Structure formats: structure tokens, C-alpha cells
Amino acid sequence: LNYIKLLKNDVFAFKIGYEFFFNFGLDGYKIVKKENIKIFLDLKLNDIPNTVKQGIEAIAKLEPFFTTIHISGGDEMQKKAIAASYKTKILGVSILTSIDSNQSKKYFYNSNVKKIVSDYAKNAYYNKIDGIVCSPLEIELVRKVTQKNFIIVTPGIRPENYKSDNDDQKRFVTPKQAINSGANFVVIGRPITKSKYPLKTVQEINNSII
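Residues numbered from 1 in each chain as written. Predicted model: local features only at pLDDT ≥ 70, side-chain atom pairs only at ≥ 80, totals over all residues. Heavy atoms only, no water.

### Details of the overall build of the chain
The number of helices and strands found in the chain is 10 helices and 7 strands. Relative to the globule expectation of 17 Å for 210 residues, the C-alpha radius of gyration of the chain, 17 Å, shows essentially globular dimensions. Based on the C-alpha atoms only, the size of the chain along its principal axes is roughly 45 × 35 × 30 Å. Long-range pairs, those at least 24 residues apart, make up 61% of the contacts in the chain with a sequence separation of at least 6. Carbon together with sulfur atoms contributes 49% to the accessible area of the chain, which is approximately 12,100 Å² in total. (Helix = DSSP H or I, 4+ residues; strand = E, 2+ residues; numbered from the N terminus. Rg over C-alpha atoms; globule rule 2.2 N^0.38 Å. Contact = heavy atoms within 4.5 Å. Areas by Shrake-Rupley, 256 points an atom, 1.4 Å probe, with all protein chains shown as cover.)

### Focus on the nonpolar core
By size, the foremost hydrophobic cluster in this structure holds 45 residues, and its most contacted members are Leu41, Ile56, Ile69, Ile132 and Val142. A total of 6 residues in this core trace back to one element, the largest contributor, which is helix α6 (residues 113-126). In contact with Leu41, not counting residues within four places along its chain, are Ile16, Phe21, Tyr29, Ile59, Leu62, Pro64, Phe66, Thr67 and Thr68. Among the nonpolar cores identified, the runner-up in size contains 8 residues, and Phe40, Phe66, Val93 and Val153 belong to it. (Core = buried A, V, L, I, M, F, W, Y, C linked by side-chain atoms within 4.5 Å. Buried < 20%, exposed > 50% of the residue type's maximum accessible area, 1.4 Å probe, protein only.)

### Here we look at the pairing of strand β4 (residues 89-93)
Burial within β4 is extensive, with 4 of its 5 residues counted as buried. Where strand β3 (residues 66-70) meets β4, 5 bridges bridge the pair, whose relative direction is parallel. Within β4, the residue paired with Phe66 across the bridge is Lys89. One crossover worth recording links β3 to the parallel β4 by way of helix α4 (residues 75-84), and it is right-handed. Sheet topology note: the β4/strand β5 (residues 131-133) ladder contains 3 bridges and is parallel. In the sheet register, Gly92 faces β5, and the bridge partner there is Ile132. (Pairing = 2+ DSSP bridges. Right-handed = clockwise from strand over helix to strand, strands pointing away.)

### Points about the side chain of Thr201
On the secondary structure map, Thr201 appears in helix α10 (residues 198-208). With sequence-adjacent residues up to four places away left out, Thr201 is seen in contact with Pro191, Ile192 and Ser195.

### Quick word on the sheet that holds strand β2 (residues 39-45)
Strand order in the open sheet formed by 7 strands is β1-β2-β3-β4-β5-β6-β7, and the pairing between neighbours is parallel. Every interior strand has two partners, whereas the edge strands, β1 (14-16) and β7 (185-186), have only one. This element, helix α3 (residues 49-60), spans β2, β3 and β4 of the sheet and lies at about 165° to β2. (Axes fitted to C-alpha atoms, helices over the stretch in contact; angles between N-to-C directions.)

### Examining the pattern of salt bridges
A pair can form between side chains of opposite charge whenever their charged atoms are brought close. Across all of its chains, the model carries 7 salt bridges by this definition. Here Lys8 and Glu35 are joined by a salt bridge, their closest N and O atoms 3.6 Å apart. Here Lys8 is found in the loop between α1 (2-7) and β1, whereas its partner Glu35 is found in the loop between α2 (18-33) and β2, with 27 residues between them in sequence. With a relative accessible area of 31%, Lys8 lands in the partly exposed category. With its nearest N and O atoms 2.7 Å apart, the salt bridge here joins Asp42 to Lys44. Asp42 gets classed as buried once you look at its relative accessible area, which sits at 6%. Several salt bridges converge on common partners, so that one network encompasses Lys5, Lys8 and Glu35. (Salt bridge = Lys/Arg side-chain N within 4 Å of Asp/Glu carboxyl O.)

### Quick notes on the pairing of β3
Burial analysis of β3 places 5 of its 5 residues in the buried class, the great majority of the element. Side chains Phe66, Thr68 and His70 project from β3 onto one buried face, and the interleaved Thr67 and Ile69 project onto a second face that is buried too. When β2 meets β3, the two strands line up parallel, connected through 3 bridges. When the bridges of β3 are listed, Phe40 appears paired with Phe66. For the crossover that starts at β2, traverses α3 and ends in the parallel β3, the hand is right-handed.

### Points about the packing of α3 against α4
Two elements in contact, α3 and α4, have axes whose closest approach is 8 Å; the angle formed by their N-to-C orientations is 25°. Considered as vectors, α3 and α4 are oriented roughly parallel to each other. The two elements α3 and α4 meet at a crossing, and its hand is right-handed. Contact residues: Pro49, Asn50, Val52, Lys53, Ile56, Glu57 and Ala60 in α3; Glu76, Met77, Lys80, Ala81 and Ala84 in α4. Residue classes in the contact of α3 with α4 are distributed as 7 nonpolar, 1 polar and 4 charged. (Parallel < 35°, antiparallel > 145°, perpendicular 65-115°, else oblique. Left-handed = near helix turned anticlockwise from the far one by under 90°. Nonpolar A, V, L, I, M, F, W, Y, C, P; charged D, E, K, R; others polar.)

What follows is the structure, given as C-alpha cells:
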């Protein structure tokens, strides 16, 4: 709540993920929602189509601006999610930004991360998913296989000169680089939440992409 009160005039939305939702649940979500902010409810659903459909129906009642499903769940799952989404925009998660080419080869049997993301983006767009979550390194590639109305949200964003000894993001760029490449929204967590001066950090980020 302190972060929200401090930053809500300078950011587009606040992302709520597993950590928050599993600790504070619906009660915590509703407290946050009362602050009259946009919420990105990042729960990355991935299951059989009907289960995901019912999950999205429940999520839609909470009225987040964005929520997420894994594109790898398949065509039918994506279509069911969109059909149940009401006003919430559905973003398809492609390849997590913590996955590098070695991990991609091990778990997707293909070390070409860009090819996987490109295929995922084409399929998600064809299935009328609202947008994609992808590494900033794949933004331009996604734009080539989709249209301007397809939303690109990019995590793996690190402000210039940001340093951390405990960072699991393998594929990242600066906010300015991401926006210039065609991203609609950038997701920035630790550089802000771990900053001694979060508002100043946010304002510096905003100024860097003007």
C-alpha cells in the first residue's frame, strides 16, 4: 500500500503475482483494488482448456486490466481464455526471461529461443489473444509476425547502470531500448522495489523513455 500511494501517479499499473496472491489472497487483492489503480494479475494459468476457462471467468470478476496464460497451453486453451475474459486483457506468456538458449534446448528441445517466441506470437495472434509477454530482445521479431493492435509487454527490464548480484533475468535491456523497439508496456520490479528512493527511480525511468 505504501508503494501504491507513493507511485500510483507515475506508473500505469501494478503487477500482482504469485508472491502477493498466495500470501494475501482475495482479501489482499480487494484492499489493493480500492486504491483505484490498474492491476496486472500475473498468475500464468496453464491447464486443460475448460479449467483455464473457469479460472479466467473467476479472474474476470476481479476486473484486473491484464492477466496471463501460457501460450504453450495450446490453441483451444487460448480461445477458451479469450471467450471468458470479459473486459480483462489476456496476455500470452511466451518464454520466461530467465530461460537462456541452454535451458531452452533442454526443456523445449530447441535452443533457438527467437524461433519459439515467433511461433508462439503468431499462434497467439491468430487465436485473438490480446498480447504477449516476451523478452525485450524479441520485441521486433514479434512485431514482424503480428499487427500494431497486438500488445507487447516486456519484463527483463533493467535501468541503465543498474547492478545486482542476485538477478535471475538472463535476457534484459534498458527501458528506453524496449520502448524504442516497439514495446507497449515494460515491467520493472526489483530496480524500483529495492531502491532507496522508489519514486525517484520511477521518475528517472519515465524521463529516460520520453
